[in-house]
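The lines below spell out each chain.
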Amino acid sequence: MWEVLTGRRDGRISRQSEALSNIPSPFFNFASLKQSFANKSLSLHDLVVLSGGHTIGVGHCNFFSNRLYNFSGKGDQDPSLNPTYASQLKAQCKTLLDNTTTVAMDPGSPLSFDSHYYMALNQNQGLFQSDAALLTNKESSKIVSKLLDQDGFFTEFGQSMKRMGAVQVLTGSNGEIRKKCNVIN
Ligand code: HEM
């Protein structure tokens with residue numbers, strides 16, 4: 001748990017067309033991920049900690065099946081992907097075109113919020129390229145190893161969530177303080 005500041009001003013208009021240009025893609029490499037977080041004044045540490053949000057939930061096959069069937073355009077598999085894990089994923093995502101099947105992002109522990117995501121990651125079982133990318137840089141892989149400590153992860157996650165929650169908050173008379181957080185007033 002972490003304390004959430006009240007009185008945050010939010011916009012009244014959301015456009016689907018603007019969303020993708022503001023969020024990182026699961027196909028991003030380390031440099032692009034770091035840059036996209038930096039664009040919102042979030043650090044490399046925030047990137048690794050917040051990626052731990054993938055401890056729960058699922059991803060659609062089409063966001064990673066290139067890693068199984070056509071990684072470098074030659075019908076190959078991503079060499080950085082754990083081969084046993086890749087076989088399990090192939091059994092679930094049968095073709096490159098499957099965009100309806102979903103797969104747990106934290107294999108073995110998809111329903112509990114814990115530090116198991118980092119354990120899976122360290123065993124080359126990161127589902128997206130963007131997860132696996134966290135091991136391709138010395139500084140970030142060090143942070144991954146630190147976050148295997150669950151109490152440490154919980155503390156850091158709360159702090160980074162607070163920072164992410166303060167990104168581009170509107171000020172003055174712009175936007176409004178919502179009565180319900182998921183809808184405009
Ligand atoms: C680091 C960059 C990130 C990338 C590239 C990324 C990418 C993705 C993708 C592609 C999905 C699957 C969507 C789908 O198939 O429907 C997903 C799901 C999810 N992400 Fe991320 N994400 C990132 C950061 C985060 C952060 C910061 C959080 C929260 C702290 C987060 C929490 C989640 C959760 C909870 C789901 C599961 C949603 C569900 O089960 O329906 N992700 N993410």
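Please read all numbers here as calculations on a predicted model, not as lab measurements.

1. Some remarks on the packing of helix α3 (residues 44-51) against helix α9 (residues 150-165)
Between α3 and α9, the shortest axis-to-axis distance is 9 Å and the interhelical angle comes to 115°. Accordingly, the angle class assigned to the pair α3 and α9 is roughly perpendicular. The hand of the α3/α9 crossing is left-handed. Seen from α3, the contacting residues are His45, Asp46, Val49 and Leu50; seen from α9, they are Phe153, Glu156, Phe157, Ser160, Met161, Arg163 and Met164. Broken down by class, the residue content of the contact of α3 with α9 amounts to six nonpolar, two polar and three charged.

2. Side note on the coordination of the iron atom of the ligand
Looking at the iron atom of the ligand, one finds just one donor atom contributed by the protein, His54 (NE2), at 2.0 Å. Along the polypeptide, His54 turns up in the loop between α3 and β2 (58-60).

3. Some thoughts on the site of the ligand
Close to the ligand lie 20 residues; His54, Gly57, Val58, His60 and Phe63 are nearest. Within the backbone of Val58, an N or O atom sits 2.9 Å from an oxygen atom of the ligand. Mapped by element, the contributors of at least two residues to the shell around the ligand are α3, β2 and α9. Class assignment for the residues of the shell around the ligand results in 12 nonpolar, eight polar and no charged.

4. Things to note about the packing of α3 against helix α8 (residues 138-146)
Contact geometry of α3 with α8 gives a least axis separation of 10 Å together with a crossing angle of 45°. Our classification of the angle between α3 and α8 gives oblique. Considering the relative orientation of α3 and α8, their crossing is right-handed. In this structure, α3 uses Leu44, His45 and Val48 to contact α8, whose residues at the interface are Glu139, Ser140, Ile143 and Val144. Its residues assigned to classes, the contact of α3 with α8 comprises four nonpolar, two polar and one charged.

5. Re the side chain of Ser51
Along the polypeptide, Ser51 turns up in helix α3. Aside from chain neighbours lying at most four places away, what touches Ser51 is Asp46, Tyr117, Tyr118 and Leu134.

6. Concerning the nonpolar core
The nonpolar side chains of a soluble globular protein tend to be buried with one another. Counting residues in hydrophobic clusters, the biggest one holds 20 residues, and the most contacted among them are Val48, Tyr118, Leu134 and Leu147. At the level of elements, α2 (30-38), α3, α6 (116-122), α8 and α9 are the ones that each hand at least two residues to this core. Among the elements that line this core, the one with the most residues is α3, at five residues. Dropping the residues within four chain positions of it, Leu147 is found in contact with Val48, Val49, Ser115, Tyr118, Phe153 and Glu156. Judged by nonpolar contacts, the second largest core, of 12 residues, contains Phe64, Tyr85, Met105 and Leu127.

Analysis parameters
- Residues numbered from 1 in each chain as written.
- Predicted model: local features only at pLDDT ≥ 70, side-chain atom pairs only at ≥ 80, totals over all residues.
- Heavy atoms only, no water.
- Axes fitted to C-alpha atoms, helices over the stretch in contact; angles between N-to-C directions.
- Helix = DSSP H or I, 4+ residues; strand = E, 2+ residues; numbered from the N terminus.
- Parallel < 35°, antiparallel > 145°, perpendicular 65-115°, else oblique.
- Left-handed = near helix turned anticlockwise from the far one by under 90°.
- Contact = heavy atoms within 4.5 Å.
- Nonpolar A, V, L, I, M, F, W, Y, C, P; charged D, E, K, R; others polar.
- Donors = N, O, S within 2.8 Å, 3.2 Å for Na, K, Ca; no water.
- Near = heavy atom within 4 Å.
- Polar contact = N/O pair within 3.5 Å; in protein donor to acceptor, adjacent residues only side chain to side chain.
- Core = buried A, V, L, I, M, F, W, Y, C linked by side-chain atoms within 4.5 Å.
- Buried < 20%, exposed > 50% of the residue type's maximum accessible area, 1.4 Å probe, protein only.

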